[in-house]
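Residue-level listing of the chains:
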Amino acid sequence: MSDKRLLLEVKDLKVHFPVYAGIFQRKIATVKAVDGVSFTMYRGETLGLVGESGCGKTTVGRTIINITKLMFHDAEITGEILYHMPNGEVIDFANLTKKKMRPYRSEVQMIFQDPYSSLNPRMTVQQIIEEPLTIHRPEMSKEDRRKRVLMLLDRVGLQAEQGGRYPHEFSGGQRQRIGIARALATNPDLIICDEPVSALDVSVQAQVINLMLDLQEEFDVNFLFIAHDLSVVEHISTRIAVMYLGHIVEYGGSEQVYFNPTHPYSRALLSAVPQADPDSGRATRTILEGDVPTPLNKPTGCPFRTRCPIARPDCANGFPSFEEKESGHWVACPYVEAGVEA
Amino acid sequence: MSQKSLLEVGDLVTQFKTDRGIAKAVNGVSFDVYSNEVLGIVGESGSGKSVTALSVMRLIPNPPGDIVNGSIKLEGKEILDLPIEEMRELRGNEIGMIFQEPMTSLNSVFTIGFQMKEGIMLHQEVDEATAMKKSAEMLDMVGIPSPEKRLNDYPHQFSGGMRQRVMIAMALSNNPKLLIADEPTTALDVTIQAQILELMLSLQKQREGASIILITHDLAVVAETCDRVIVMYGGKIQEIGTVRQVFKNPLHPYTHGLLESIPHPVEGSRLHRLKAIRGNVPNIMELPKACKFNTRCDYALKGLCFDVEPELAEIEPGHFVRCHLYEESTELTTKEKGIELSV
Ligand SMILES: Nc1ncnc2c1ncn2[C@@H]1O[C@H](COP(=O)(O)OP(=O)(O)O)[C@@H](O)[C@H]1O
Ligand SMILES: Nc1ncnc2c1ncn2[C@@H]1O[C@H](COP(=O)(O)OP(=O)(O)O)[C@@H](O)[C@H]1O
Ligand code: SF4
Ligand SMILES: [Mg+2]
Ligand SMILES: [Mg+2]
């Protein structure tokens, strides 16, 4: 479709963390946290990224905003993260040095799951929200910065006088509002939302989701929305990608994936979600056995085969290729049919 | 339905001394736990769920906390009067407890086997070898592979889900009649949550007369696992009934708000705003007088909800609500106002 404008193309992204041991600190193993992830985001769409903890969601998010290397300097990153600027220019974030990245940092921001640890406890809310402006918009006058902070406070539903307070004086939901205001400060093009509502009560979660939907429209910003709650993801996303052990195993329109999950992992994940309805029938649930294996010791072939109810010997031979099961709905399993029970 | 009560909690008041005054965390809570049932307690954080559970276990830190009123009877026996020694005996033996974060109740410097065996020997007249054997059996029962070997491992060598299984094994090793599980799956992935809930329920069914109090902020977990449910807010029970009653015919505006806040994907509908409860849970020191929910309630009635505390009233057999809207004298007013109280 020609009217779809590209925002981000992630191509065969791998993020590996070497593990060292012994007195010579020899590399003994590699944590393959992200092991060949590709997806495309278009402007105006929200992509939801779901999967159990440890499957690599946060690492994908951090790598897109180019902070993985800053946090873990021996991380090995390969692949491409092509950011399409509004003016059409294309930059590969995966291969930018810290210095070269600087001009683009204000365009991609991140909101974190734990609003408490992600906000500096010694800064006032005003300072927290202002900081990205001080760094990325040095040309802005002090007065303009102050005005923008006040506007942001208002937009996320906080009062001006609350700007003078410290993070610990706020509830979890309010802290998440502060994190959102901070992420919006530089008017970014893309915000990676890393489980922004996972730690919140359902009522507060609903408020924050509503806020994000409103702000997305008002600020014309795109979201990559990471979460493990599939109903939340379906609610907020246009498309959904399901991750397992460093790989995307299924992606498609959010309704395609939610109402017609096809990869055996997506099916199991969805069937595990409890429903607030005593008649929903827990009896039909497929309960996955065991935990996610560690990315240190990944199964060969399909990463899911050790827990997959329909695994067969062939599944050990290489990562299954993606098949388009229905228009725009891609699944990395050759043995399932869309809409047919496994 | 007349049922045998395992636990009877009557007019429980538990408060904490803070620098800002007395915090009434649990303020007049009464409920029964029947034999063979799973009773859920739901509500937003701060509503008094954990304090209720800790009160039943008599684990309220004192100071600053204190159970200032009420009665808690286990099989007819008042436990608030028990001497410390007997209470310690009862805890872990007749009432077991599982917490949200197993690491807070597991000691990181001892092996799982050591901790399990100690727990068993504290309550049962058995030698060490027997206690170890029993520990391995319990680990096996909760689905931990190679249990004998795992007894030698330390808590950090288990994944989150496996640690929660260990906690369940420990809590059940003396075969308690009542298991209190406080947010046992909140920190876990849905797939692991499904495993743990399934395990807890199947173990409960195997044990004659055993009951569970399941505390959670997740209504969906309650819908799928509990027989009855208590909805708490502001240290008080706002609604109580069977799961079917409360989910199919919710009465309290707070229960409605909670149910409506849950994202409920509907095929063919796109990006709509959720119906959220407005405002925040008030700080416990700033709870309003009269109805605790009146600051967030869309149906609050002038001259009533802000002045008079509603009573917990039975609307249909076994289904109670604390809200003026359901009093006979206000029925007309609400109908005239056209309040649509259905989800
Ligand atoms: N710096 C690191 N060194 C080693 N392993 C790491 C590092 N960062 C993440 N991992 C591992 O990579 C995997 C993916 O982690 P993460 O991206 O945080 O997953 P998710 O966000 O889906 O829970 C996990 O097994 C995690 O332990
Ligand atoms: N040790 C304590 N000191 C002071 N206040 C406390 C203490 N423990 C709990 N509270 C207060 O009691 C209220 C109820 O808490 P809690 O039972 O933990 O809520 P829930 O489990 O429903 O989230 C809260 O307002 C909390 O701040
Ligand atoms: S008593 Fe009044 S304020 Fe309280 S929940 Fe009922 S209608 Fe709302
Ligand atoms: Mg993460
Ligand atoms: Mg609690």
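Please refer to the structure higher up on the page.
Throughout what follows, the structure given in this document is the object of discussion. (Residues numbered from 1 in each chain as written. Chains lettered and ligands numbered in written order. Predicted model: local features only at pLDDT ≥ 70, side-chain atom pairs only at ≥ 80, totals over all residues. Heavy atoms only, no water.)

Section: the site of ligand 2
Residues and elements named next belong to chain B. Close to ligand 2 lie Phe16, Ala25, Glu44, Ser45, Gly46, Ser47, Gly48, Lys49, Ser50, Val51 and Ile284, which account for all nearby residues. One of the backbone N or O atoms of Lys49 is found 2.9 Å from an oxygen atom in ligand 2. Contact distances for ligand 2 include 2.8 Å between an oxygen atom and a side-chain N or O atom of Ser50. When isolated, ligand 2 has an accessible area of 560 Å², and the protein chains bury 68% of it. Broken down by element, the residue count for the shell around ligand 2 peaks at three residues, all from helix H1 (residues 49-56). Its residues assigned to classes, the shell around ligand 2 comprises four nonpolar, five polar and two charged. (Near = heavy atom within 4 Å. Polar contact = N/O pair within 3.5 Å; in protein donor to acceptor, adjacent residues only side chain to side chain. Areas by Shrake-Rupley, 256 points an atom, 1.4 Å probe, with all protein chains shown as cover. Helix = DSSP H or I, 4+ residues; strand = E, 2+ residues; numbered from the N terminus. Nonpolar A, V, L, I, M, F, W, Y, C, P; charged D, E, K, R; others polar.)

Structural notes on the sheet that holds strand E7 (residues 178-182) of chain B
Residues and elements named next belong to chain B. Read across the open sheet, the eight strands follow the order E6-E7-E8-E3-E9-E10-E12-E11; overall the sheet is mixed. Whereas interior strands pair on both sides, the edge strands pair on one side only; in this sheet they are strand E6 (95-98) and strand E11 (312-316). Strand-to-strand twist across the sheet, computed as the mean angle between neighbouring axes with direction ignored, equals 20°. Two strands pair when backbone bridges link them, and E11 and strand E12 (residues 319-322) are joined in this way by four bridges, in the antiparallel orientation. Across the sheet, the residue bridging to Leu312 is Arg322, located in E12. Here helix H7 (residues 160-172) sits on the sheet and contacts E6 and E7; the angle it forms with E6, its principal contact strand, is near 170°. Sitting on the sheet, helix H8 (residues 190-206) is in contact with strand E3 (38-42), E6, E7 and strand E8 (211-215), with an inclination near 155° to E8. (Pairing = 2+ DSSP bridges. Axes fitted to C-alpha atoms, helices over the stretch in contact; angles between N-to-C directions. Contact = heavy atoms within 4.5 Å.)

This is a description of form; function is not addressed.
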